[in-house]
Amino acid sequence: MVKASVIIPTYNEENYIEKALKSLEQQSYKNFEIIVIDDGSTDRTRDIVKKFRQVKLIKGEHKGPGASRNIGARRAEGEFLIFVDADMTFDKNYLKNLISPLEQDKRIIGTTHDYEIATNIHNKISLLWGEVRVSKNEAGNIKIFRAIRKNKFLELGGFDSKYGYADDQTFWIKYKLKPKVANDTICYHRNPETLDETFKQARWIGASWKTRFKIFSIPLVNIIFLGIL
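Residues numbered from 1 in each chain as written. Predicted model: local features only at pLDDT ≥ 70, side-chain atom pairs only at ≥ 80, totals over all residues. Heavy atoms only, no water.

I'm lost on the packing of aromatic side chains in this one. Help?
When we look at a pair of aromatic rings, we describe it by the centre distance and by the angle of the planes. Throughout the structure, instances matching the rule amount to seven aromatic pairs. Where Phe83 meets Phe159, the ring centres are 5.1 Å apart and the plane angle is 65 degrees; that geometry is what we call edge-to-face. Note that Phe83 is positioned in strand 4 (residues 80-83) and Phe159 in the loop between helix 6 (150-155) and helix 7 (170-175), a separation of 76 residues in sequence. The residues Phe83 and Phe159 share a single accessibility class, namely buried. Considering the side-chain rings of Phe153 and Phe171, the 5.7 Å spacing of their centres and the 85 degrees angle between planes classify their relative orientation as edge-to-face. Of the two residues, Phe153 sits in helix 6 while Phe171 sits in helix 7, which places them 18 residues apart along the sequence. Assigned by exposure class, Phe153 and Phe171 land together as buried. Taken together, Phe83, Phe145, Phe153, Phe159 and Phe171 form an aromatic cluster joined through their ring pairs. The cationic tip of Lys143 hangs over the ring face of Trp172; the distance from NZ or CZ to the ring centre is 5.2 Å. (Phe/Tyr/Trp six-rings, centres within 6.5 Å; stacked < 30°, edge-to-face > 60°. Helix = DSSP H or I, 4+ residues; strand = E, 2+ residues; numbered from the N terminus. Buried < 20%, exposed > 50% of the residue type's maximum accessible area, 1.4 Å probe, protein only. Lys NZ or Arg CZ within 6 Å of the ring centre and 35° of its normal.)

Before we go on, may I ask you to explain the pattern of salt bridges in this structure?
Side chains that carry opposite charge are capable of pairing whenever their charged atoms lie near each other. Overall, the coordinates contain 13 salt bridges when judged by the stated rule. Across the pair Glu79 and Lys3 runs a salt bridge, and its minimum N-O distance is 3.0 Å. Of this pair, Glu79 sits in the loop between helix 3 (65-75) and strand 4 while Lys3 sits in the segment before strand 1 (4-10), and the two are 76 residues apart along the sequence. Residues participating in the shared-partner salt-bridge network are Lys3, Glu79 and Arg149. (Salt bridge = Lys/Arg side-chain N within 4 Å of Asp/Glu carboxyl O.)

Looking at this model, I keep getting lost on the side chain of Asp168. Mind explaining?
Note on placement: Asp168 falls in the loop between helix 6 and helix 7. Despite its burial, Asp168 pairs with no opposite charge; the closest candidate is Arg69, at 4.6 Å N-O. When residues no more than four places from it in sequence are discounted, the contact partners of Asp168 are Arg69, Lys143, Ile144, Phe145 and Phe159. (Lys, Arg positive; Asp, Glu negative; His and termini not counted. Contact = heavy atoms within 4.5 Å.)

In short, geometric facts, not functional conclusions.
Pasting the structure below:
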């Protein structure tokens, strides 16, 4: 039986998913499965994933990444769930070090990584989002669970899609639960690098704030602080 299940939601990720899957194949930790939930891609994402015979490809419901992660969690065989994105790659010891605290202490619900670096810093727009997405000094403030015990995830009800961009922070928003920082967990992540991507990301973030904080339902507040209606 596999110990961990790596869950990846995808939507039109043909330019990145292959690198992510190859990076996972090179992990020093081997006792895991990979589950890709495709949320209605119209490009070559599904065809690329199918080349990796050991990867489970599941059809999503086109309800966003949170809903896709929930589908993957329900289908997962592992004791631990690991949530990553399709445009991420990883240090070879990423999974081993991410899971280690959970194996050593049953009181720990889940973990997060301690160093996340942007991969496309050559792009000027990408630099607006920062070269270091998560630093070792700031990791303790991160509210996103990258690894979590499956039984606890299901007990808490999974991710709530109504939070939009912040759905992976559901357990902080609802229950004020934060993950433990797992040491020496390095990953690499792509920043938005075009004006169109930046605009869509900003609107998605803004929409999640409207759901979480009622004050942002006021149109004037949206225009001033979020730039959206």
